[in-house]
Amino acid sequence: MSGPILPGATLGMFGSGQLGRMFALAARRLGYRVHVFSPEADSPMGHIADREFVADYLDLDAVREFARSIAVASFEFENVPAATTEEAANFVPVRPGGHVLAVTQNRLDEKGTLARAGLPVTPFTAVRSIDDLLSGLVALGVPAVLKTCRMGYDGKGQVLIRSLDEAIDAWTALATDEAILEAFIPFEREISVVAARSLEGDFRAYPAFENAHANHILDVTLCPARLTQPVLDEAREIARSIFEALDVVGVLCVEFFVAQGGRLLINELAPRPHNSGHLTIDAHVTCQFEQQVRAICGLPLGSTEQIRPACMVNLLGDLWSGGEPDWSAALTDDGVRLHLYGKSAPRAGRKMGHLTVLADNLADAERRAFEARAVLRRA
Ligand code: AMP
């Protein structure tokens, strides 16, 4: 096998949003060059990249030109078409591989693969017709959640079904020919484990992050998660099994529900760094984006040790409703770290940035992060 891809080389990324931007910042710090490919011009990652390739993902001539300009490719958006990564893989390694992308692009394939590997997933069934839905509701019980298999994120493409009477409306609303029905889990907490695996098979996981969502969008992340050590250890070991079962080289996030009694159920996978891992930029020895650079380049992985308790709060476009947020007010607390993604249009629900606060304890970090976000909003 050839050696690692060393600083000075050019790294390629499919997708140009904030995850790509933070990857590019980490890669640049390590002395790499970065090229980005996406259909969007003037993008969050494009602002940081050495070169921005703007083309449709299925423009394979453009994909070839991009692939010839880089030493390795990764993706920060999991809905990149398979044909795109397959074409790139004719020229350079794509990490994680297209097989990981394929499994995580379809919720049924994802849950089916994990269940066959003996891993704990939310009870589910495939739905391709209203009859499937009705029998699924009888088998799993209500409430249940019906989700599109593809392209769902931040709660888009999913409907909560509270009774059998709601089945027809839910099936019509989803307007799809393939869906997954999941038992509704009355979870006590939601957590995520972001981890990395190197070419040699070294596995490093961050301590689990505890997540709270608002309107299905991640709102707050705390680390360390407020769970017992055995539950945290089990989450890490499940993540390790997933990396091995899928042969992941790179970074991947496993989202879990923690049900009654600390029982862990896998909700979904993201084959890339994750919003819940943003606090690693400030709170951990190696951040998730540097870890992604190291993993895809074949370098040794960095320490995932946490330096101080931390809280991250997302900044959505809604905060701009009264005009430009009051950045100075939030930064009055000198422990607040502000991260903005360079997006010019602050639409409601759009992730524009985040704040991270490190403190001596989690409660203090959380309180100060909420206070800093509250003073941002102008009346
Ligand atoms: P997802 O897009 O699957 O990550 O779902 C977004 C959010 O919806 C999750 O983080 C949960 O808060 C909620 N959710 C999704 N599926 C379920 C489920 N089966 N039971 C309970 N809550 C769910």
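This structure is a prediction, so every number in the text was calculated from the model and none was measured. (Residues numbered from 1 in each chain as written. Predicted model: local features only at pLDDT ≥ 70, side-chain atom pairs only at ≥ 80, totals over all residues. Heavy atoms only, no water.)

S.K.: What should I look at first to understand the packing of aromatic side chains in this one?
M.R.: Two aromatic rings are characterised by how far apart their centres lie and by the angle between their planes. Enumeration over the complete set of coordinates arrives at 10 aromatic pairs. Taking the centre distance of 5.5 Å and the plane angle of 65° together, the rings of Phe14 and Phe37 count as edge-to-face. Taken together, the residues Phe14 in strand S1 (residues 10-14) and Phe37 in strand S2 (residues 33-38) connect sequence positions 23 residues apart. An identical accessibility class is assigned to Phe14 and Phe37; each is buried. Seen from their ring centres, Trp320 and Trp327 are 5.6 Å apart, and the 65° between their planes marks the pair as edge-to-face. Residue class for Trp320 comes out buried when judged on its relative accessible area of 14%. A residue is classified by how much of its surface remains accessible, and Trp327, at 16% relative accessible area, is buried. The structure contains a cluster of three or more aromatic residues connected by ring pairs, namely Phe14, Phe37, Phe53, Tyr57, Phe66 and Phe77. (Phe/Tyr/Trp six-rings, centres within 6.5 Å; stacked < 30°, edge-to-face > 60°. Helix = DSSP H or I, 4+ residues; strand = E, 2+ residues; numbered from the N terminus. Buried < 20%, exposed > 50% of the residue type's maximum accessible area, 1.4 Å probe, protein only.)

S.K.: Any chance you could explain the site of the ligand here in plain terms?
M.R.: By nearness alone, 15 residues border the ligand, and Lys147, Ala183, Ile185, Glu190 and Glu268 come closest of all. Take Lys147: an N or O atom from its side chain is 2.7 Å from an oxygen atom of the ligand. Within the backbone of Ala183, one N or O atom sits 3.0 Å away from a nitrogen atom of the ligand. Computed on the free molecule, the ligand has an accessible area of 470 Å², of which 93% lies beneath the protein chains in the complex. Of all the secondary-structure elements, those providing two or more residues to the shell around the ligand are strand S6 (144-148), strand S8 (179-183) and strand S14 (263-270). Its residues assigned to classes, the shell around the ligand shows 6 nonpolar, 4 polar and 5 charged. (Near = heavy atom within 4 Å. Polar contact = N/O pair within 3.5 Å; in protein donor to acceptor, adjacent residues only side chain to side chain. Areas by Shrake-Rupley, 256 points an atom, 1.4 Å probe, with all protein chains shown as cover. Nonpolar A, V, L, I, M, F, W, Y, C, P; charged D, E, K, R; others polar.)

S.K.: Explanation requested: the nonpolar core in the structure shown.
M.R.: Within soluble globular proteins, side chains that are nonpolar tend to cluster in buried spots. Among the nonpolar cores identified, the biggest contains 28 residues, and Ile242, Phe256 and Ile266 are the most heavily contacted of them. Elements represented by at least two residues in this core include exactly helix H4 (98-104), strand S9 (189-197), strand S10 (203-205), helix H8 (229-246), strand S13 (250-259) and S14. If one sorts the elements of this core by residue count, H8 sits on top with 8 residues. Apart from the residues lying within four places of it in its own chain, the contact partners of Ile242 are Leu114, Leu119, Leu252, Val254, Ile266 and Leu269. (Core = buried A, V, L, I, M, F, W, Y, C linked by side-chain atoms within 4.5 Å. Contact = heavy atoms within 4.5 Å.)

S.K.: Teacher, can you tell me more about unusual backbone geometry here?
M.R.: Residues apart from glycine generally show negative phi values, whereas peptide bonds are mostly found in trans. Following Arg95, the chain continues to Pro96 via a peptide bond in cis, the omega torsion being -5°. With respect to the element layout, Pro96 can be found in the loop between helix H3 (82-89) and H4. With an omega dihedral of -5°, the bond running from Val142 to Pro143 counts as a cis peptide bond. With respect to the helices and strands, Pro143 occurs in the loop between helix H6 (130-140) and S6. Unlike most non-glycine residues, Ala175 shows phi in positive territory, near 45°.

Treat this as a map of the structure, not an account of what it does.
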